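Structural description and commentary
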Amino acid sequence: MEAVSSSEISRLQLSDEKLHIRARDLLTYFQHYADKIKVLSLDCFDTLLWRKTIEPKDVFFDMQRRENFQSLDITAINRIDAESNARAMMYVQMGHHEVTLNDIYRVGFPSLTHQEIDLLIEEEILSEIEACYAYPPIIELIRSAHSRGIKIIIVSNTYLKKNQLKRLLASVLPDDVLTSFHEIFCSCDYNQSKTNGLFKTVLSELNEQPQMILHIGDNEAADLDYPRKHGLHALHLVQFDSVQTEYLRLQCMSAAINDTTVHHTRSMASPFRGLFSSAVLDTSKPESIIGYMSIGPVMYSFARFLEHEISQLKKQNKKPKILFMMRDAYLPSLACEALLGELPGTRIRLSRFSSIAASIRNRENIAECLASVLDSGEFDVVCKQLLLPQHITDTFLAKAELSADPNATFCQLVMQDQIVNYIISQSKAYWARLRKYLEKEVNIQEGDTLVFVDLGYLGRSQRWLTPILQSEMGVEVTGRYLIVLNSPEWKKTRSGLIDPSWCDDRVMEVLSIGNTLLEELCCNDDRSVLDYDEQGNPIYTDSSTMKAQHDKTKRFQAECIRFIHDAKHFFETVGADFSFSMLRDIALAELIRRSYLPLQTEIDYLQEYRHDANLGTSLYCKAFETPDTELTSLRRQGLWFKNQNPYGLRAAGLELSLTLMSKHRHGFPTNLADLSLRRENILIIQSHSAFISKKIISAFSTHDGYFSLWFVIDNLDMQIAILFGLNYQALQIESIEQIKAMHFLKEKHSNHVQDIMPTALVNQVIKKDNNYYECTAKTGSLIIPFKSMPAHSGKVVLRVVFRPIINRIDN
C-alpha cells in the first residue's frame, strides 16, 4: 500500500462509526494509533491467513481425499460433526467450548488409535498449509509496525495448538514477517476464546496496559467488541460489503448446483476472494461490479488459458499465429495484452457471416445453410448468407409465401442447379477478397498453425474456413475458445477454457443459454463485417449498436482490464499456487451466475443492451427483456423452459431462476402444468349456427396469481363465451390473444401472436379501469366473436390470461 499523508489521517479521525475498516485503509488507520501503542495484535484466519476457498469448511472437503482419511473412511461431514460434538462434550464436562485437534478426533472417532489420530492431525495441518496464503495488506501492516519497534502478536480462536499454528505460519509467511512475531496466543491452549477471557490472559502475560494494544481482526464480536470491553483499541476488518457478499453467495450457489462434487468430494475454490476484499473497488458503480468482479476474473482465467495453450503449441514445434476474431474476441485480446504485456497475435475482422460466405463449395454446404433456418423461417437472412442478389431473394420469398409448404418450396428454389452454381461462384470470389485481407493483416506462411480465438461455442467460423485455408494456404487450423460445446470430433480441432474434457454436457447446456449479452460485453464498437473490397479492405454493415451502449461497454471493459492488472500483481505478491483448475472452476461458476443470478445493479445497467445478430444484416434484438416485460410474459405463458432468457427472469424471483437452471442442469422433463397444482375450471360455450356445445377447461396458474386459459379453435366461424361470472364476482384480464396453432409455444412464437382483446364483448359484465371486470351475475361472460374477424387459414389457439380478484361465494 502507498504511504498516506497526514491530511488523510486527519480525515479518518476515529469514532465508533469508523471502527469497521476495509483492507485498503489499514495503513491509514494504523498510523492513527502508531505513536500511541506498543503492541499490534492480529487475528489469524481470514485476517493474516486467507484460504483459497469460499469457506473455511472447504478445507475439509479436500482433506477427505488424503490417504489416511480415505483408508479410515472419514469424510468432510464426519470431520465437521466431530468438531461440533467435541465442543459440546467439552462444554458439558469443563464449562468451555475450546478443543484441540486431538480432542476432535478422540471424541468424534472413539475407535481410533493414538497413532491413527496423529496421522489424521498431520494430514489436516498439511491441508491447511496447502489452502492458506498470507494476506498482502496484513503483511504490509506487520512490516510497517515492526519497523516502528511495535511488538506483534497473534491472538486466534483455533483448535490448532501454538506449535501447530507456528508450523502453518512458517509454511506460508515470508521469513521477515515470521521472525517479527513476539508471541502467539491460541484459544485451545488456554481453554479461553476471545469472547471468554482470552484477552485478559493476553494482557496478563504481556504485562501491558490495554490502551497500549491495538487488535485487528475480521470477526465483529471477537475482534472488536470484546477487546474494547477489556480496554484495548480495536478495529474490525470488514472483508466484503453487502454487494460483494451477495455476489459471492450467488456464485457459490451456481457452482454447487452445477457441479455436484462441490461440497461433496471437493472444495469450492475462490482464488479472487482476497483480491476483491483488498481492491480499491466502488460497488455502487455498475461497471465495477460487471467489469471488475464478474467478467474480469473470467477474462483473466481465459488469458491464462491462452498463454498456456500458446506455450504448448510452441513446445510441439508448431508455428502458431493467433487470430483474435473481431468483434467478440476484442476483450479477450485486451486481457491477453494486459496479462502478457503485449498482444500475442492479430485482431482479425472476420465474422461468422464472412467465414461461411467464403467457404461454400458444394450442394452440401448450401443444404447446411438452409437447414439452419427451417425452424425460424428466416429465409431472407439465409439468402444474404448465400450471397443471392435482392431480386432473386424477393422472387423466392414471394413464391415460398404463397406455397402450402413454404420450407419445401424455398429449399427447392435455392437448390436448383443454376442457383447452386451461382452461389458457389460468388463464394469463391468472396474468398479471393478475404484471402487478400488475411495476407495484408497476417504474415501467413505455409506450415503455420492458425489459432482462432473467440468466445466460441461450436467454432462455426473455424469449421467452415478450415478446408479452404488448408487446401489453398497450406496451413493448419485450430481453435482456442472461452467455451467449447460438445459436437462431433470437437477434440481434434479445438479446446476451451471450459470444454467437454472436464465439463459434462448438461452443465454446458446451462452455460450456453443467454450468452448474447456476454458477446456484447466483450466486443468492440466496430460494425459487423459484411464483405471485403478487391484490395482486401473490410466492408461493414451500415448500422451499429447505440453509442450509449458502447460508452457503457468501454467503462466496464476498462474495469475488467484493471482487474487483470490487479490480479497479476496480487498473485505475484502472494506467491501461492492458484491452480489452473481453480481458475476454470470459478470462471464456470461466474459465467452461470451472471446469466441466471445477476445482481439488481447488473440488470438495471444492462437492460437496454441490444445484440448484433451478425448475420450479414442490420438485425438487432434486445439482449434480454426488461423486468416488466419479463413479468408480463410470465403472466401470459408461465415459465417457458425452451427459450427463456435467464437474465431477465431473475427479477421475477430466485425460485424461477433456480428452476430454470436446474431444468437445464439435470435435464428433467417438465411443462407449465408441472409448475403448480393450482387450476381454475372455467365453463366455455361454443356456438356455431344452431349448434351449441359446452365444456369445462382448466386454466393453469402462471405467475403473480394469473391463470392462462387456452384451447384450440378449429372452426373460426363461431362465437366463444367464457362464463367467468360462474366463478368470480371480479377479475382482471391481462390479455386475449390468438396464435397460429403450428407456432404455439414454439421458437419465436411471439412473432405469430395477435392481440384480439379489442374485439371481445361482455355480457352481464361491467368493464372498469385497469382491465378490471365486475361480473353482475353468474351468467356474466366474455364473448369472442371469431366470425366477425378477418378469415384465417388453419387452426388457432385462443389464450385468455386472467387473475381472479373476488371469488363468487353464492355458487
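Refer to the preceding data block for the structure.
1. Notes on the side chain of Thr393
- Within the secondary structure, Thr393 is located in helix H21 (residues 390–402).
- Taking the relative accessible area as the measure of exposure, Thr393 reaches 4% and is therefore buried.
- In this view, Thr393 contacts Cys383 and Leu388; residues no more than four positions away in its chain are not counted.

2. Brief notes about the environment of Val484
- Looking at the element boundaries, Val484 is found in strand S12 (residues 476–484).
- Between the C-alpha atom of Val484 and that of Gln535, which follows or precedes it by 51 residues, the distance is 34 Å.
- Non-local contacts of Val484, meaning those with residues more than four positions away in its chain, are made with Tyr457, Trp490, Arg494, Ser495, Gly496, Ile498, Asp499, Pro500 and Met508.

3. Overview of the sheet that holds strand S8 (residues 233–237)
- Pairing is parallel in the open sheet, where 6 strands are placed in the order S1-S8-S7-S2-S5-S6. With one partner strand each, in any of the chains shown, strand S1 (20–21) and strand S6 (181–186) form the two edges of the open sheet.
- Note: strand S2 (residues 39–42) against strand S7 (residues 213–217), 4 bridges, orientation parallel. Note on S7: the bridge partner recorded for Ser41 is His215.
- Of the strands in this sheet, S2, strand S5 (151–156), S6, S7 and S8 are in contact with helix H8 (residues 136–147), which crosses S2 at around 160°.
- Contacting S2, S5, S6 and S7, helix H12 (residues 198–206) runs over the sheet at an angle of about 150° to S5.

4. Structural notes on empty space enclosed by the protein
- A complete count under the given rule lists 5 cavities of 30 Å³ or more for this structure.
- Lining of the largest cavity is provided by 14 residues; of these, Ala255, Val262, Arg266, Asp585 and Ala589 occupy positions nearest its centre.
- If you list the elements that add at least two residues to the lining of the largest cavity, you get helix H14 (242–258) and helix H29 (580–596).
- Examining the composition of the lining of the largest cavity, we find that 5 residues originate from one element, H29, more than from any other.
- Looking at side-chain class alone, the lining of the largest cavity contains 8 nonpolar, 3 polar and 3 charged residues.
- In this structure, the second largest cavity encloses a volume near 50 Å³.
- Lining the second largest cavity we find Tyr247, Leu248, Gln251, Ser270, Pro271, Phe272, Arg273, Phe276, Pro297 and Ile586.
- Where the lining of the second largest cavity is concerned, the elements lending two or more residues are H14 and helix H15 (273–278).
- When residues in the lining of the second largest cavity are grouped by element, the largest group, 3 residues, is from H14.
- Looking at the lining of the second largest cavity residue by residue, the class counts come to 7 nonpolar, 2 polar and 1 charged.

5. A word on the sheet that holds S12
- Judged by pairing direction, the sheet is parallel, and its 5 strands sit side by side in the order S10-S9-S11-S12-S13 without closing on themselves. Looking along the sheet, the strands with just one partner apiece sit at the ends: strand S10 (346–349) and strand S13 (494–498). Neighbour to neighbour, the strand axes of the sheet diverge by 30° on average, direction disregarded.
- Pairing of strand S9 (residues 320–326) with S10 involves 4 bridges; the strand directions are parallel. Looking at S10, one finds that Met325 is bridged to Ile348.
- Across the sheet, helix H24 (residues 460–473) lies against S9, strand S11 (449–457), S12 and S13, angled at about 175° from S12, the strand it touches most.

6. Describing helix H9 (residues 162–172)
- Of the positions making up H9, those classed as buried are Gln164, Leu165, Leu168, Leu169 and Val172. An end-on view of H9 places all buried positions within 135° of arc, on one side of the element.

7. A closer look at the pattern of salt bridges
- What the rule picks out here adds up to 38 salt bridges.
- One salt bridge in this structure joins Lys161 and Asp189, with 3.3 Å as the shortest N-O distance. Placement of Lys161 in the loop between S5 and H9 and of Asp189 in helix H11 (residues 187–190) is noted, with a sequence separation of 28 residues between them.
- By relative accessible area, which is 31% here, Asp189 ends up partly exposed.

8. Some words on unusual backbone geometry
- Within the chain, Asp73 stands out as a residue other than glycine whose phi angle is a positive 55°.
- Residue placement: Asp73 occurs in the loop between helix H4 (67–71) and helix H5 (76–94).

9. Looking at H29
- Over its 17 residues, H29 extends 25 Å from the first C-alpha to the last, a length consistent with the 24 Å expected when each residue adds 1.5 Å.
- Of all 17 residues in H29, 14 are buried; the element is thus mostly enclosed.

10. A short note on the environment of His97
- Mapped onto the elements, His97 comes out in the loop between H5 and helix H6 (101–108).
- Linking His97 and Met757, residues 660 residues apart in sequence, is a C-alpha distance of 69 Å.
- Beyond its immediate chain neighbours, meaning those up to four positions away, His97 contacts Arg87 and Tyr91.

11. Overview of the packing of H14 against H29
- Relative to each other, H14 and H29 sit at 105°, their axes nearing to 8 Å. One finds that H14 runs roughly perpendicular with respect to H29. The segment H14 lies against H29, with Tyr247, Leu250, Gln251, Ser254, Ala255 and Asn258 engaging Ile586, Ala589, Glu590, Ile592 and Arg593.
- Of the residues in the contact of H14 with H29, the class split is 6 nonpolar, 3 polar and 2 charged.

12. Examining the state of the cysteines
- Applying the stated criterion across every chain yields a total of 0 disulfides.
- This cysteine, Cys44, is not joined by any disulfide, and Cys132 carries the nearest cysteine sulfur, 7.4 Å off.
- Sulfur of Cys411: no disulfide; nearest cysteine sulfur belongs to Cys383 and is 11 Å away.

Rules behind the numbers
- Residues numbered from 1 in each chain as written.
- Predicted model: local features only at pLDDT ≥ 70, side-chain atom pairs only at ≥ 80, totals over all residues.
- Heavy atoms only, no water.
- Helix = DSSP H or I, 4+ residues; strand = E, 2+ residues; numbered from the N terminus.
- Buried < 20%, exposed > 50% of the residue type's maximum accessible area, 1.4 Å probe, protein only.
- Contact = heavy atoms within 4.5 Å.
- Pairing = 2+ DSSP bridges.
- Axes fitted to C-alpha atoms, helices over the stretch in contact; angles between N-to-C directions.
- 1 Å grid on protein atoms, 1.4 Å probe; cavity = no way out; pocket = protein on both sides within 12 Å on 5 of 7 lines; lining within 4 Å.
- Points joined across faces, edges and corners; volume = space filled by probe spheres on them.
- Nonpolar A, V, L, I, M, F, W, Y, C, P; charged D, E, K, R; others polar.
- Arc of directions from axis to C-beta.
- Salt bridge = Lys/Arg side-chain N within 4 Å of Asp/Glu carboxyl O.
- Expected span 1.5 Å × (residues − 1).
- Parallel < 35°, antiparallel > 145°, perpendicular 65-115°, else oblique.
- Disulfide = S-S within 2.5 Å.

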